[in-house]
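# Structure assessment
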Amino acid sequence: MTTLHLDEVAESTTARGFWTRSRKAGAMYLLLGAFAALVFGALAPGGEVARFTLSENSEGLAVEVPAKLGAVLLGVLCAAVGVALLTRLAAHHFGWATAVAIGAFLLSFLCWQVAGDFMPLVRTASGTLFFALPIVLGSLGGLFCERAGVINIAIEGQLLMGAFGGALIGSVAGSVWLGLVGAAFGGLLIGALLAVFAIRYLVDQIVLGVVLYVLALGLTGYLYERVMQTEQATFNNPGTFREFAIPYLSDIPVIGPVLFEANVFLYIALALVTVVYFALFHTRWGLRVRAVGEHPAAADTVGIRVQWVRYRNVMYGGMIAGIGGAFFTIGSTGGFVKGMTNGQGFIALAALIFGRWSPTGALAAAVLFGFANQLQDYLRLIDSPIDSQFLAMLPYIATIFAVAGLVGKVRPPAANGQPYVKG
Amino acid sequence: MSSDEQGPASGAEPPAGAQPQTGTDAPAGTDAPAGDQVAAGEQPPAGGPRGRSFVDGLTTANPGTVTALAIMLSLVAGGLIIVFSDETVLGTFSYLFSRPSDAVSAIWSSVGGAYGALFKGAFIDVETLRQALAGETAWYRVFRPISETLTNAAPLILTGLSFTLAFRSGLINIGGNGQAIMGAIVAGMAGFWLHLPPVLHLLVALLGGLIGGAAWGFVPGLLKARTGAHEVIVTIMLNYIALNFLVWLVIQEGVQRPGRNDAISKLVDDNAQLWPLAGDNLRVHAGILLALVAAVGVAWLLRRSTLGFEMRAVGSNPDAARTAGMSIGRTYVAAMALAGGLSGLGGATILLGTAHSLTPAVIGETGFDGITVALLGRGKPLGTVLAGLLFGALRAGAVRMQGAAGVPVDLVMILQALIVLFIAAPALVKTVFRLRAERGAAAGLAAARGW
């Protein structure tokens, strides 16, 4: 598959005029759809039914799809969207077309996998959000930095520090809420270092991010061994947030248990995405932040304090990512384990880029990546022949495709990574 | 290496803020301002160091002084971390003012014990030497610390060289980990699937490692050249793709060790293992020689070859290089493939030298460590070798430190990160120690670039 797309690139460089973003995407959906219809359709057992139940288990209402027919038809739908994009019929609805094509492709895949079995949609949705939460919060943390023009590839480090701070402070103070404050402080620590070294000392921000990641890895690992491991009960026993059901709203079927009967982190994340979206695109503050990230010299000329905006944003970002890190400890399992974030910070970076540096985009990307995670668990459960490691690669592959411009090139804030020196 | 390669990066460089975004409409994502400082070492030193006195050299912010002080500062910071996480020491703080001597001696024994063990584990333990001289213990035990240092240094130098080579071409290769993993995978498969005569088998396995890593470096190079996809993003993503592939591979039939249920591969043949250099009691193997050869090779490539010249030119100023008729894209691809090959060799030395079988954690964070090595080495092959030896020594000593003083090995990562942080921000070290600014003010690694 990869080589094929590289060929496409070669073509696109020779004939850029014809191969617009939507045509390239259309060609890809056409191929994906054809692949789905032929391969998934052929592999799906005939006569079997794929049941998608609208609940936590096999009970209750269900949507039943004949596996073979469903896989083929959904593949054809994906391909049809591709053709529509290629012929410029749907060029004005690129976003919707993409959503339909990817959705159809995934469902076609599921028809094959679920055949003869069932997939509980409520649990799948809850699980998806569960996995997506640290990714969303990490992405938002990165977004704060990068929209103001400071590259943050230390998100993984901030998540780790947040997870550690949440567990430590939560245990010592005996309160998960104080643990959350501790987590924000942990993320803030890395954020502050990032800010000082990037803004004051003009260190290359990519290099800096890597170094801060190593620092966070070492610091949490060291303190874990030295402080936590010997006295788990005192220092690594924070307890976890209880699920919190919003009255009335949680009684809504399907949506209720997914969205309104969840971890406090879900509410924090959804609130933050909404607030950040409006703040960034519809307030004076947001305009200033974006100005600093796109064109600091111009921002400076009109009296915006560029460095101050950057300091503040990088620190906010650190705190948000730290809170995201707390999800790993006080949000789910409780205790801290060395290196427990396990690359989720880099997935958050991927979601940020894949979501085109926008809060809603980051949310969508995080949900997609969270779904890839949830799907791994599900496929393991039903003993699927698909190995979970290949699903685990998907977010990374998708991001490479996005930055290579195969599905519409992503564009970072113009001044991202460039220090500003008045003069 | 010629003398001007090692010359202090003191030349007529632009000051630290030379790349601020000054507001002209620079297109997004270009690496145009990347290189000026990357190629710092190439510029003739202004003023010449001969006219300066020794004291002058010590008190100005030149790279040597900054490096030494950065290491010192990091050790002090590490000492503080040791002190404030040691319960015995913290206990003495409660009566600090009535008997301060207790606190002082507790701090001394805590920090001194840790760093003492670190030194003994990395270089030499005088006590063991005395015993060996008295005939009470075997001589190999005297050399074990050095052996461990060299063993640890080999992959660090190789992954460090990988970052260095890409860095000099104006690229940041964060993909050392993934490239090392792919190198280890191919080397491992060549090691346990093929059965060849002694020397040949090792060569084939090493070549496999080189190719595996090079392939993994080639992809971001090609994407950068063809589509402008930023190599940092692509290499980070490829790291995790490689890791997942490794996790998948080791549990496949034919790869997984027969009779085992956990994630571990077969052992590589004896013929494919790197030769031990000092007998069977010591771990040191030919990997360190390979690393040194690679360093010489990289130095030669950068200084003497046409390709190396193009790399440095592209790294310094892509626009000028393009104007001079060089192919930027071709250079990027070559640089990334070569850098990947070096990391792949690093992975192969781990696998064929010490690990001998694939596990999900076989590479660990070696690629990221290589980045810190290269940064400490200031983007020069010789510097990278020295930095690799230092970090290798820290690693070797850390094991002893954990055993003897109960200080977790993770302290080494903290020290590593701090050293590089201080070096990357010479202005900070300068302020702390009140050094005088060197003429032309070296900007160190403060090269700024966007995505």
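Owing to the predicted nature of the structure, the values given are computational and were not obtained by experimental measurement.

## What about the overall build of chain B?
- Check the secondary structure of chain B and you find 18 helices and zero strands.
- In chain B, buried positions account for 57% of the 451 residues.
- A sequence separation of at least 24 residues applies to 74% of the contacts in chain B between residues at least 6 apart.
- Within the structure as shown, chain B displays about 17,800 Å² of accessible surface, and the carbon and sulfur contribution to it stands at 65%.

## Considering the overall build of chain A
- Counting secondary structure elements, chain A contains 17 helices and five strands.
- For chain A, whose C-alpha radius of gyration is 23 Å, the value lies close to the compact-globule estimate of 22 Å for 423 residues.
- In terms of overall dimensions, chain A has C-alpha extents of about 60 × 55 × 40 Å along its principal axes.
- Expressed as a percentage of the 423 residues in chain A, the buried residues total 57%.
- If you take every contact in chain A between residues at least 6 apart in sequence, the share linking residues at least 24 apart comes to 75%.
- With an accessible surface of roughly 16,700 Å², chain A has 67% of that area assigned to carbon and sulfur atoms.
- A distance of 17 Å separates the average location of the 24 positive side-chain charges in chain A from that of its 21 negative side-chain charges.

## Focus on a negative patch on the surface
Residue and element names in this part refer to chain A.
- Together, E56, E243, D251 and E261 make up a region of like negative charge exposed at the surface.
- Within the fold, E261 resides in strand β5 (residues 261-262).
- For E261, a relative accessible area of 36% gives the class partly exposed.

## Quick notes on the side chain of D102 of chain B
Residues and elements named next belong to chain B.
- Along the chain, D102 turns up in helix α5 (residues 100-122).
- Note on D102: relative accessible area 19%, which makes it buried.
- For D102, the side chain forms a polar contact with the side chain of R99, separated by 3.0 Å.
- Discounting residues that sit within four places of it in the chain, D102 has contacts with T92 and Y95.

## Focus on the domain arrangement of chain B
Residue and element names in this part refer to chain B.
- Assigned domains of chain B: these are domain 1 (59-137 + 393-425) and domain 2 (151-376).
- With eight residues of domain 1 at the interface, the matching set in domain 2 holds seven residues.
- Each partner contributes to the roughly 660 Å² buried at the junction of domain 1 and domain 2, and carbon and sulfur atoms together form 68% of this total.
- The salt bridge involving R395 is made with D369; its shortest N-O contact spans 3.4 Å.
- Taken together, the links from domain 1 to domain 2 amount to three residue pairs in polar contact (both at pLDDT 80 or more).
- Those elements that provide at least two residues to the side of domain 1 that touches domain 2 are α16 (381-405) and α17 (411-424).
- Considering each element in turn, the side of domain 1 that touches domain 2 owes the most residues, five residues, to α17.
- Within the side of domain 1 that touches domain 2, the residues separate by chemical class into five nonpolar, two polar and one charged.

## Here's the deal with the packing of aromatic side chains
- One pass over the structure, following the stated rule, counts 31 aromatic pairs over all chains.
- Considering the side-chain rings of F35 of chain A and F40 of chain A, the 5.7 Å spacing of their centres and the 80° angle between planes classify their relative orientation as edge-to-face.
- Looking at F35 of chain A, the relative accessible area reads 37%, which means it is partly exposed.
- Residue class for F40 of chain A comes out buried when judged on its relative accessible area of 6%.
- Ring centres of F144 of chain A and W285 of chain A lie 6.0 Å apart, and the angle between their planes is 50°; on these two criteria the pair is classed as tilted. Of the two residues, F144 of chain A is situated in helix α5 (residues 121-147) and W285 of chain A in helix α12 (residues 284-294); the sequence distance between them amounts to 141 residues.
- Judged by relative accessible area, which is 25%, W285 of chain A ranks as partly exposed.
- An aromatic cluster of three or more residues is present, and its members are F130, F131, W177, F241, F265, F327 and F328 of chain A.
- The residue whose ring lies beneath R200 of chain A is Y201 of chain A, and the NZ or CZ to ring-centre distance is 4.7 Å.
- The ring of Y332 of chain B has K224 of chain B sitting right over it, with the charged end atom 5.4 Å from the ring centre.

## Overview of the nonpolar core
- Residues F265 and F336 of chain A together with I174, L352, L358 and L411 of chain B are the most contacted members of the largest nonpolar core, which totals 212 residues.
- When residues no more than four places from it in sequence are discounted, the contact partners of F336 of chain A are L160, A163, F164, A167, T220, Y224, M228, N236 and T329 of chain A.
- Formed by 35 residues, the second largest nonpolar core is a distinct cluster that contains F40, A84, M119 and L391 of chain A.

## A short note on the sheet that holds strand β2 (residues 62-66) of chain A
Residue and element names in this part refer to chain A.
- Taken in spatial order, the three strands line up as β2-β1-β3 in an open sheet, and their pairing is mixed. The open sheet has two edge strands, β2 and β3 (118-120), and neither has a second partner. Ignoring strand direction, the axes of neighbouring strands in this sheet form an average angle of 15°.
- In this structure, strand β1 (residues 49-53) lies alongside β2, joined through five bridges in antiparallel fashion. The residue bridging A50 from the neighbouring strand is V65, located in β2.

## Considering the packing of helix α6 (residues 155-173) of chain A against helix α14 (residues 306-333) of chain A
Residues and elements named next belong to chain A.
- The interhelical angle for the contact between α6 and α14, taken along N-to-C directions, is 60°, at an axis separation of 6 Å. Taken as axis vectors, α6 and α14 run oblique relative to one another. In the packing of α6 onto α14, the handedness of the crossing is right-handed. Contacts from Q158, L159, G162, A163, G166 and A167 in α6 reach G317, G318, A321, G322, G324, G325, A326, F328, T329 and I330 in α14.
- Looking at the contact of α6 with α14 residue by residue, the class counts come to seven nonpolar, nine polar and no charged.

## Notes on the pattern of salt bridges
- Summed over the entire model, instances satisfying the criterion amount to 14 salt bridges over all chains.
- Between E127 of chain B and R130 of chain B there is a salt bridge, with the nearest N and O atoms lying 3.0 Å from each other. Of this pair, E127 of chain B and R130 of chain B both sit in helix α6 (residues 126-133), three residues apart, roughly one helical turn.
- The class of E127 of chain B is partly exposed, set by a relative accessible area of 40%.
- Residue classification places R130 of chain B among the partly exposed positions, given a relative accessible area of 45%.
- Put simply, D262 of chain B and R260 of chain B hold a salt bridge, and the shortest N to O gap is 2.9 Å.
- On the basis of relative accessibility, which here comes to 33%, the residue R260 of chain B falls in the partly exposed class.
- A network of salt bridges, in which partner residues are shared, links E225 and K338 of chain A together with D410 of chain B.

## Thoughts on empty space enclosed by the protein
Residue and element names in this part refer to chain A.
- Throughout the structure, instances matching the rule amount to five cavities of 30 Å³ or more.
- Estimates place the volume of the second largest cavity at around 40 Å³.
- Surrounding the second largest cavity, V150, A198, I199, L202, Q205, Q307, R310, Q418, P419 and Y420 form its lining.
- Taken together, the elements giving at least two residues each to the lining of the second largest cavity come down to α7 (176-200) and α14.
- Looking at the lining of the second largest cavity, its residues break down into six nonpolar, three polar and one charged.

## Here's the deal with the confidence of the model for chain B
Residues and elements named next belong to chain B.
- Per-residue confidence for chain B gives a mean pLDDT of 83, with 83% of residues at or over 70.
- Below a pLDDT of 50 lies the segment residues 1-51, which in the model reaches 100 contacts outside its immediate sequence neighbourhood of four places, other chains included.
- Contacts from residues 440-448, a stretch scored under 50 in pLDDT, to residues over four places away or in other chains number 32 contacts.
- Model confidence for the complex: the whole-complex pTM is 0.85, and ipTM, which rates the interface, is 0.85.

About the cut-offs
- Residues numbered from 1 in each chain as written.
- Chains lettered and ligands numbered in written order.
- Predicted model: local features only at pLDDT ≥ 70, side-chain atom pairs only at ≥ 80, totals over all residues.
- Heavy atoms only, no water.
- Helix = DSSP H or I, 4+ residues; strand = E, 2+ residues; numbered from the N terminus.
- Buried < 20%, exposed > 50% of the residue type's maximum accessible area, 1.4 Å probe, protein only.
- Contact = heavy atoms within 4.5 Å.
- Areas by Shrake-Rupley, 256 points an atom, 1.4 Å probe, with all protein chains shown as cover.
- Rg over C-alpha atoms; globule rule 2.2 N^0.38 Å.
- Lys, Arg positive; Asp, Glu negative; His and termini not counted.
- Charge placed at Lys NZ, Arg CZ, Asp CG, Glu CD.
- Patch = residues over 30% accessible without salt bridge, like charges linked within 9 Å, V, L, I, M, F, W, Y side chains within 5 Å.
- Salt bridge = Lys/Arg side-chain N within 4 Å of Asp/Glu carboxyl O.
- Polar contact = N/O pair within 3.5 Å; in protein donor to acceptor, adjacent residues only side chain to side chain.
- Domains from an automatic or database assignment.
- Buried area = accessible area lost by both parts, 1.4 Å probe.
- Nonpolar A, V, L, I, M, F, W, Y, C, P; charged D, E, K, R; others polar.
- Phe/Tyr/Trp six-rings, centres within 6.5 Å; stacked < 30°, edge-to-face > 60°.
- Lys NZ or Arg CZ within 6 Å of the ring centre and 35° of its normal.
- Core = buried A, V, L, I, M, F, W, Y, C linked by side-chain atoms within 4.5 Å.
- Pairing = 2+ DSSP bridges.
- Axes fitted to C-alpha atoms, helices over the stretch in contact; angles between N-to-C directions.
- Parallel < 35°, antiparallel > 145°, perpendicular 65-115°, else oblique.
- Left-handed = near helix turned anticlockwise from the far one by under 90°.
- 1 Å grid on protein atoms, 1.4 Å probe; cavity = no way out; pocket = protein on both sides within 12 Å on 5 of 7 lines; lining within 4 Å.
- Points joined across faces, edges and corners; volume = space filled by probe spheres on them.
- pLDDT = per-residue confidence, 0-100.

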